[in-house]
Amino acid sequence: MAQYKGTMREAGRAMHLIKKREKQKEQMEVLKQRIAEETIMKSKVDKKFSAHYDAVEAELKSSTVGLVTLNDMKAKQEALLKEREMQLAKREQLEERRLQLEMLREKERRRERKRKISNLSFTLDDGEGEDGDGGDHDHEQDGATLTSKGKKNLGKNPDVDTSFLPDRDREEEENRLREELRKEWEAKREKVKSEEMEITFSYWDGSGHRRTVRMRKGSTVQQFLKKALQGLRKDFRELRAAGVEQLMYIKEDLILPHYHTFYHFIITKARGKSGPLFNFDVHDDVRLLSDATMEKDESHAGKVVLRSWYEKNKHIFPASRWEPYDPEKKWDKYTIR
């Protein structure tokens, strides 16, 4: 083969053209193969459609020899077509029946296989099944008895710990017990919520005006403020046109949200900056010996304040100490013992 002599640029161009021609040849070969396959498929389809009419035409030629009128020719052709269609219909029916019989036989074989599997027994006392054909016949007659024996013999081993395995009865029992405990806990919770307690509070407008009101432990702060407002309106003129949403409740220097319940503070043992939030009465620490490592067991009266008063005086003590209640923030450096 002669070696190419020329510049590198021309050599690269020549290689590019050679690769392009090879790619075109491959595409042409693929296209030729696809056309050949499509031609074969079309010929097969034509043969399928023409087989019926070719058979009818051959039979028509063999049955009409000599001169025949056009009407006789048409009548003969129609008769042959009907006969051919009937033969095809019978063939299809026979094929369908054959398929149905095959399906029935397959179902019977599966049923027989399942029956044989269900009749298996692992008992060591029954050895008659190994004595030939007679044993098989007896085995078929006593299938139900052997099945019941097999069920008795194939039980759980009582010496094996199966507590880690799934057990429907055990799960149902656990769910039933869990549901009973849930209902019992809900009943106790509702009983505690329905208990009444006395809340001591002070309406604060720069000085304290102490009041008491009885509420249920399941009541919200908003319900408490509504009941407190009803008793304060007759004594304080600025509260006559005020609504519940204009009031604030401050307990142990924390502003409590309206949607929280007293039960929430009681059950969580929440506490504020200067004392517990779960005691709503007023009492002082009466211990004779003081201990800096133990929190003082005292509770202060909560304050009911107008929001407008707080906005004007929040830079002045004691409002400067107040801040919103945050359940994530902990103030329990000391614990009550």
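Here, the structure is the one placed above.
Residues numbered from 1 in each chain as written. Predicted model: local features only at pLDDT ≥ 70, side-chain atom pairs only at ≥ 80, totals over all residues. Heavy atoms only, no water.

Overview of the packing of aromatic side chains
Stage number 1. A complete count under the given rule lists seven aromatic pairs for this structure.
Stage number 2. A centroid spacing of 5.4 Å and a plane angle of 85° characterise the contact between Phe 201 and Phe 224, whose relative ring orientation is edge-to-face. You can see Phe 201 sitting in strand β1 (residues 196–204) and its partner Phe 224 sitting in helix α6 (residues 221–232), a full 23 residues away along the chain. Pair check on accessibility: Phe 201 and Phe 224 agree, each one buried.
Stage number 3. Relative to Tyr 325, the ring of Phe 265 has its centre 5.4 Å away and its plane inclined at 75°; by these criteria the two rings are edge-to-face. On the criterion of sequence distance, the pair formed by Phe 265 in helix α7 (residues 262–267) and Tyr 325 in the segment after β6 (323–324) is long-range, its members being 60 residues apart.
Stage number 4. Residue Phe 265 is classed as buried on the basis of its relative accessible area of 0%.
Stage number 5. Taken together, the ring pairs in this structure connect Phe 201, Phe 224, Tyr 249 and Phe 262 into an aromatic cluster.
Stage number 6. The cationic tip of Lys 303 hangs over the ring face of Trp 204; the distance from NZ or CZ to the ring centre is 5.4 Å. (Phe/Tyr/Trp six-rings, centres within 6.5 Å; stacked < 30°, edge-to-face > 60°. Helix = DSSP H or I, 4+ residues; strand = E, 2+ residues; numbered from the N terminus. Buried < 20%, exposed > 50% of the residue type's maximum accessible area, 1.4 Å probe, protein only. Lys NZ or Arg CZ within 6 Å of the ring centre and 35° of its normal.)

Quick notes on the sheet that holds strand β5 (residues 302–306)
Stage number 1. The sheet built from six strands is open, its strands ordered β2-β1-β5-β3-β4-β6 with mixed pairing. Of all strands in the sheet, those bounded by a partner on one side alone are β2 (208–216) and β6.
Stage number 2. Pairing geometry for strand β3 (residues 247–251) and strand β4 (residues 254–256), over three bridges, is antiparallel. Bridged to Ile 250 within β4 is Ile 255.
Stage number 3. Of the strands in this sheet, β1, β2, β3, β4 and β5 touch α6, which is tilted by about 125° from β2. (Pairing = 2+ DSSP bridges. Contact = heavy atoms within 4.5 Å. Axes fitted to C-alpha atoms, helices over the stretch in contact; angles between N-to-C directions.)

Concerning a nonpolar patch on the surface
Stage number 1. Residues Met 28, Leu 31 and Ile 35 make up a contiguous nonpolar surface patch of roughly 280 Å² in combined accessible area.
Stage number 2. Here Leu 31 is to be found in helix α1 (residues 8–63). (Patch = residues over 30% accessible without salt bridge, like charges linked within 9 Å, V, L, I, M, F, W, Y side chains within 5 Å. Areas by Shrake-Rupley, 256 points an atom, 1.4 Å probe, with all protein chains shown as cover. Salt bridge = Lys/Arg side-chain N within 4 Å of Asp/Glu carboxyl O.)

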